[in-house]
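Below are the chains, spelled out letter by letter.
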Amino acid sequence: LPIETEAENRLIVHCCNTLGAWGAGFVVPLGRRYPLAKEGYKKFIEGNKGKSILGEVNEVPVGKHLFVENLMGQSFLYKKPNGEIPCNYIAIETGFLKIMENWSDKGNYSIHMPRIGCGLAGGDWKTIEEIISEMDAMKMSEEQKCYAIAKAWYETLKNADAEIEKKVLKENSFYIKENKGSMR
């Protein structure tokens, strides 16, 4: 489970693709620990075939006051020959805004995430951190508590085999910082 915080609700946010591919990187241990997250994602993709869902968020309750936020932040899987990366920064920003709007009147919450969009999606963490910081300054109220804490994922990864664990930890180099009223 994510680290216990003072927040009433805990949100596990991660970057997903819009193609329905769930089988590499961070989602492997996430899906093992919370099978409903994968199931909810697959149903969301199937139910939105033919629609533009980049930047959308599929929220899946996986426990009491615990939710997985499947943020659709990439529309393809691999770096293109022209250098274009799968991570779509506008979609990441749009998804975070939707999460913040959705939770703005539901009490306090904490956010638990890897360096979203930076593993298999190929994004640059400094760019994503800047996007989150700008949104944070714009949208967050003092009562809301957001944390980007990832050491708890060690427990999630314990159930994954050693090779996957090493790969996920290497690719995500988790963002570990905690601020009251901030996602930074």
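Calculation notes
Residues numbered from 1 in each chain as written. Predicted model: local features only at pLDDT ≥ 70, side-chain atom pairs only at ≥ 80, totals over all residues. Heavy atoms only, no water. Phe/Tyr/Trp six-rings, centres within 6.5 Å; stacked < 30°, edge-to-face > 60°. Helix = DSSP H or I, 4+ residues; strand = E, 2+ residues; numbered from the N terminus. Buried < 20%, exposed > 50% of the residue type's maximum accessible area, 1.4 Å probe, protein only. Lys NZ or Arg CZ within 6 Å of the ring centre and 35° of its normal. Contact = heavy atoms within 4.5 Å. 1 Å grid on protein atoms, 1.4 Å probe; cavity = no way out; pocket = protein on both sides within 12 Å on 5 of 7 lines; lining within 4 Å. Points joined across faces, edges and corners; volume = space filled by probe spheres on them. Nonpolar A, V, L, I, M, F, W, Y, C, P; charged D, E, K, R; others polar.

Section: the packing of aromatic side chains
- The tally for this structure, following the rule as stated, stands at three aromatic pairs.
- Here the aromatic rings of W22 and Y41 are separated by 5.2 Å at their centres, their planes lie at 45°, and the arrangement is tilted. A residue pair is termed long-range when its members are at least 10 positions apart, and W22 in the loop between β1 (9-17) and α1 (27-33) and Y41 in helix α2 (residues 35-47) qualify at 19 residues.
- What makes W22 buried here is its relative accessible area of 10%.
- According to the relative accessible area criterion, Y41 is buried, its value standing at 0%.
- With a centroid separation of 5.9 Å and 50° between ring planes, the pair formed by W103 and Y109 is classed as tilted. Neither W103 nor Y109 differs from the other in exposure class; each is buried.
- Pairwise contacts between aromatic rings join F67, W103 and Y109 into one cluster.
- Here the guanidinium or amino end of K80 rests over the ring plane of F76, the centre of that ring lying 4.3 Å away.
- Of note, K106 hangs over the ring of W103, and the distance from its end group to the ring centre comes to 4.8 Å.

Focus: the environment of I53
- Here I53 is to be found in the loop between α2 and β2 (57-63).
- C-alpha separation for the pair I53 and M72, spaced 19 residues apart in sequence, amounts to 6.8 Å.
- Apart from residues lying up to four places away in sequence, I53 is in contact with T18, F44, I45, N48 and M72.

As for the side chain of Q74
- Considering the arrangement of structural elements, one finds Q74 in strand β3 (residues 66-74).
- Residue contacts for Q74: discarding those within four places in its chain leaves C15, C16, N17, T18, L54, P86, C87 and A121.

Considerations on the layout of surface pockets
- Roughly 430 Å³ of internal volume is contained in the largest pocket.
- C15, A24, Q74, L120 and A121 are the residues nearest the centre of the largest pocket, which is lined by 25 residues in total.
- Elements that contribute at least two residues to the lining of the largest pocket include exactly β1 and α6 (162-172).
- No other element matches the four residues that β1 contributes to the lining of the largest pocket.
- In terms of residue class, the lining of the largest pocket is built from 15 nonpolar, eight polar and two charged.

Functional significance is not addressed by these values, which are geometric in nature.
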